[in-house]
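Report on the structure
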Amino acid sequence: MSSISDNKVVQFFYTLTEADGTLSESNRGEEPMAYLHGHGGMIPAIETALEGKAAGDSLELTLSPDQAYGERQEGQQLRVPMKHLQGLPKGSRAWKPGMIAVVQTEQGMRQVTVVKPGLKMVTVDTNHPLAGKTLNYSIEVVSVRDATDEEIAHGHAHGVGGHHH
Ligand code: ZN
C-alpha cells in the first residue's frame, strides 16, 4: 500500500468546522478532493499532516489562522458594481450581508463577503471568508496513487476531484 509522499495523488474527504463548531465546508457524500502532494497545491499544514498517511487513514487537525487563511486585514472593503458579483446561491434572489460572492479581479477570481448591498453598488470585504479563524479539519484519506508524468509536469492532479482540462 502506498503512503503519501511527494508526487503522489491523494484523494480525501474532509469536514471543516470553525472553532465554535459551525460547519463551514464538507465534501463528504460528494466527490473526494484530489491534489498532487509536494507541489504547493494544498495548505502546507495539511500537507505536512498527511505525509506518510495511507488510504483509509483518518486524522483531525486544528489550524490557527496563520496556518490557514491568515489574519483578517482591516481596510479590505471596497465598492463594486452589483453586476460583478457572481455565485448567488440557488434559491436566493438578492445578495444579503454575510453571503460569499466571487468577483473577477486583476489577481483572478476571488471570494469576497458581502457587507452592504445597494441598488447598483455593493460593499464587499476582500478578506478570505475563513481569514482570522481557527479551523478544525476532519480528514479521511480515500486513495493514494503515483502521479502520472503529465500531472507532475502540470503540478496538479487530474481526474476525479482534480483538474479537468
Ligand atoms: Zn493538468
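Residues numbered from 1 in each chain as written. Predicted model: local features only at pLDDT ≥ 70, side-chain atom pairs only at ≥ 80, totals over all residues. Heavy atoms only, no water.

A few words on the packing of aromatic side chains. Following the criterion strictly, the structure yields three aromatic pairs and no others. Seen in terms of ring centroids, Phe-12 and Tyr-35 are 6.0 Å apart; in terms of plane orientation they differ by 75 degrees. Their pairing is edge-to-face. Within this pair, whereas Phe-12 is found in strand β1 (residues 8-18), its partner Tyr-35 is found in strand β3 (residues 33-36), the two being separated by 23 residues in sequence. Ring-pair connections join several aromatic residues into one group, and the members of that group are Phe-12, Tyr-14, Tyr-35 and Tyr-137. (Phe/Tyr/Trp six-rings, centres within 6.5 Å; stacked < 30°, edge-to-face > 60°. Helix = DSSP H or I, 4+ residues; strand = E, 2+ residues; numbered from the N terminus.)

Our next topic: the nonpolar core. Among the nonpolar cores identified, the biggest contains 21 residues, and Ile-46, Leu-50, Leu-63, Tyr-137 and Ile-139 are the most heavily contacted of them. Within the residue set of this core, elements represented by two or more residues are β1, α1 (44-50), β4 (58-63) and β9 (135-146). Among the elements that line this core, the one with the most residues is β9, at five residues. Dropping the residues within four chain positions of it, Ile-46 is found in contact with Leu-61, Leu-63, Tyr-137 and Ile-139. Residues Met-99, Val-103, Val-114 and Val-122 belong to the second largest nonpolar core, which totals ten residues. (Core = buried A, V, L, I, M, F, W, Y, C linked by side-chain atoms within 4.5 Å. Buried < 20%, exposed > 50% of the residue type's maximum accessible area, 1.4 Å probe, protein only. Contact = heavy atoms within 4.5 Å.)

Let us now look at the coordination of the zinc ion. Taken together, His-154 (ND1), His-156 (NE2), His-158 (NE2) and His-165 (NE2) make up the protein donors of the zinc ion, found 2.0 to 2.1 Å from the metal. Considering all four donor atoms around the zinc ion, angles at the metal cover 100 to 123 degrees and the coordination shape is tetrahedral. Each donor residue of the zinc ion lies on the same chain, and together they follow the pattern H-x1-H-x1-H-x6-H. A residue is classified by how much of its surface remains accessible, and His-156, at 17% relative accessible area, is buried. A relative accessible area of 15% places His-158 in the buried class. (Donors = N, O, S within 2.8 Å, 3.2 Å for Na, K, Ca; no water. Tetrahedral: all angles 85-135°; square planar, octahedral: opposite > 155°, others 65-115°.)

Turning our attention to the pattern of salt bridges. Tallied over the entire structure, the rule returns five salt bridges. Among the ionic pairs, Asp-146 bridges to Lys-8, the shortest N-O distance being 2.6 Å. You can see Asp-146 sitting in strand β9 and its partner Lys-8 sitting in strand β1, a full 138 residues away along the chain. On the accessibility criterion, Asp-146 (52% relative accessible area) is exposed. The partner of Lys-133 in a salt bridge is Glu-18, and the shortest N-O contact between them spans 3.4 Å. With Lys-133 in the loop between β8 (121-125) and β9 and Glu-18 in strand β1, this pair connects stretches of sequence that are 115 residues apart. (Salt bridge = Lys/Arg side-chain N within 4 Å of Asp/Glu carboxyl O.)

Bringing the sheet that holds strand β6 (residues 100-105) into the picture now. Pairing in this open sheet of four strands is antiparallel, and the strands run β5-β8-β7-β6 from one edge to the other. Whereas interior strands pair on both sides, the edge strands pair on one side only; in this sheet they are β5 (77-81) and β6. Averaged over all pairs of adjacent strands, the angle between strand axes in this sheet comes to 50 degrees, irrespective of strand direction. Pairing geometry for β6 and strand β7 (residues 108-117), over six bridges, is antiparallel. (Pairing = 2+ DSSP bridges. Axes fitted to C-alpha atoms, helices over the stretch in contact; angles between N-to-C directions.)

Considered domain by domain, the chain is made up of domain 1 (8-69 + 131-154) and domain 2 (77-125). In this structure, domain 1 and domain 2 have C-alpha centres spaced 27 Å apart. (Domains from an automatic or database assignment.)

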